[in-house]
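Examining the three-dimensional arrangement
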Amino acid sequence: MNIEELKAKFLQKSVADIKDVDIALRAAPFLIREVVRLEAELKEAEERIKHISSQFKKQPPTTKKGKKGNAEWEIKLDEKKNRVYVTLSGQFDHRSGKAATNQLNMVVENIRKNFDVVIDITQLTPDVGNRVNFHLRKAIYILQQMGVKSVVTVTDTKSDQSVISIFSDRGKEPAFKSFTSGSLRDADLSLDNEGKFLKV
C-alpha cells in the first residue's frame, strides 16, 4: 500500500466515492498500523523533548505581565499551538509602550517560525499617540523578523482604527496574513481551522 497514492486520492475529499470503496477498505488496516506507529514515534519524541528541556537551567519565559501608569499588558505563549496571545488594556504612553514591546520580544525570542499572534485591543483606550504607535510598529517588526504567519486583532466598535491598521500587513507582498475578529474564541477558531477545510 502506497501512502502517497492514498494522499493523492483522498486528501482533498471528505468521503470516499463509491468507485473507491475497494481501495478504502484495503487501506484501513494499513492506516491503522501507521497511526499506531506514529503514536509511538510521537510519544518517544515528547519524552526526548522533555528530557532535553530539563537540561537547560534557564528557559525563556512563556508568560509576561506588566503594568506602568494606566497601561496593562499580558503576553502568553501557547507552545503547543505555536501561538502568542497579547492583551493590551488602558492608556499607553511612550514608557509603557516600550516596556510592553520589550517583554513581547523576550517571549518570542526563541519561538518556532510560522507562529500566530492574537492581539486583543478591546480594552485599549482609543486615540493612541504617535509615540505609542512607534512601539506598536516595532512590535510588528519584531514579529516579522521572527517569522510570524498570521496576526489576528481582536477588536470592538470602540477600537482605534489607527492601531488596527498597524497590525495589518497591506504591502504588495504581505509578510504575514492579517485579519480582525470580534472575540478571542473566534480568533482561535479561525486560526485552528486555517487551511483545514476539505474540498468535497
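The following refers to the structure shown.

Turning our eyes to something else, we now look at the pattern of salt bridges. Inspection of every chain in the model, using the stated rule, returns 14 salt bridges. One salt bridge connects R26 with D22, and the closest N-O pair in it is separated by 3.6 Å. Within this pair, R26 and its partner D22 are both found in helix α2 (residues 21-55), separated by four residues, close to a single helical turn. For D192, the salt bridge goes to R83, with nearest N and O atoms at 3.0 Å.

Turning next to the pairing of strand β5 (residues 148-154). β5 sits mainly inside the fold: six of its seven residues count as buried. Pairing geometry for strand β4 (residues 115-124) and β5, over six bridges, is parallel. Each bridged residue has a counterpart across the sheet, and for D116 the counterpart in β5 is S150. On the question of chirality, the crossover connecting β4 to the parallel β5 by way of helix α4 (residues 130-146) is right-handed.

Between its first and last C-alpha, α4 extends 24 Å over 17 residues, near the 24 Å set by a 1.5 Å rise per residue. What α4 keeps buried is the set V132, N133, H135, L136, A139, I140, I142, L143 and M146. Looking at the buried residues of α4, the elements they touch are β3 (83-90), α3 (94-108), β4, β5 and α5 (161-166). Downstream of α4 by one or two residues, G147 has phi in the positive range, about 95 degrees.

What follows concerns the nonpolar core. Grouped together as the largest cluster of nonpolar side chains are 34 residues, with contacts concentrated most on V84, L88, V117 and F167. Those elements giving two or more residues to this core turn out to be β2 (71-78), β3, α3, β4, α4, β5 and α5. Those residues in contact with L88 that lie beyond four places of it in its chain are E72, W73, I119, D120, I121, Q123, L124 and L136. With six residues, the next largest nonpolar core counts Y85, V118, V152 and A187 among its residues.

We now examine a nonpolar patch on the surface. There is a patch of nonpolar side chains on the surface, built from I18, V21 and L25 and spanning about 330 Å² of accessible area. Among the secondary structure elements, V21 is positioned in helix α2.

Looking at the element boundaries, S96 is found in helix α3. What makes S96 buried here is its relative accessible area of 0%. Contact partners of S96, with chain neighbours within four places excluded, come to K68, A71, W73 and Q91.

As a further point, take α3. Given 3.6 residues to a turn, an α-helix orients residues that are three or four positions apart in the same direction. Over its 15 residues, α3 extends 21 Å from the first C-alpha to the last, a length consistent with the 21 Å expected when each residue adds 1.5 Å. S96, G97, A99, A100, T101, Q103, L104, V107 and V108 are the residues of α3 that are buried. On its buried face, α3 is in contact with β1 (63-68), β2, β3 and α4.

Attention now moves to the sheet that holds β5. What the six strands build is an open sheet, ordered β1-β2-β3-β4-β5-β6; its pairing is mixed. Since the sheet does not close on itself, it has two edges, and those belong to β1 and β6 (177-181), each with one partner. Neighbour-to-neighbour, the strand axes of this sheet turn through a mean angle of 15 degrees, independent of strand direction. In this sheet, β4 lies alongside β3 in parallel orientation, the contact comprising seven bridges. The residue of β4 that forms the bridge with Y85 is V118.

Procedures and definitions
- Residues numbered from 1 in each chain as written.
- Predicted model: local features only at pLDDT ≥ 70, side-chain atom pairs only at ≥ 80, totals over all residues.
- Heavy atoms only, no water.
- Salt bridge = Lys/Arg side-chain N within 4 Å of Asp/Glu carboxyl O.
- Helix = DSSP H or I, 4+ residues; strand = E, 2+ residues; numbered from the N terminus.
- Buried < 20%, exposed > 50% of the residue type's maximum accessible area, 1.4 Å probe, protein only.
- Pairing = 2+ DSSP bridges.
- Right-handed = clockwise from strand over helix to strand, strands pointing away.
- Expected span 1.5 Å × (residues − 1).
- Contact = heavy atoms within 4.5 Å.
- Core = buried A, V, L, I, M, F, W, Y, C linked by side-chain atoms within 4.5 Å.
- Patch = residues over 30% accessible without salt bridge, like charges linked within 9 Å, V, L, I, M, F, W, Y side chains within 5 Å.
- Areas by Shrake-Rupley, 256 points an atom, 1.4 Å probe, with all protein chains shown as cover.
- Axes fitted to C-alpha atoms, helices over the stretch in contact; angles between N-to-C directions.

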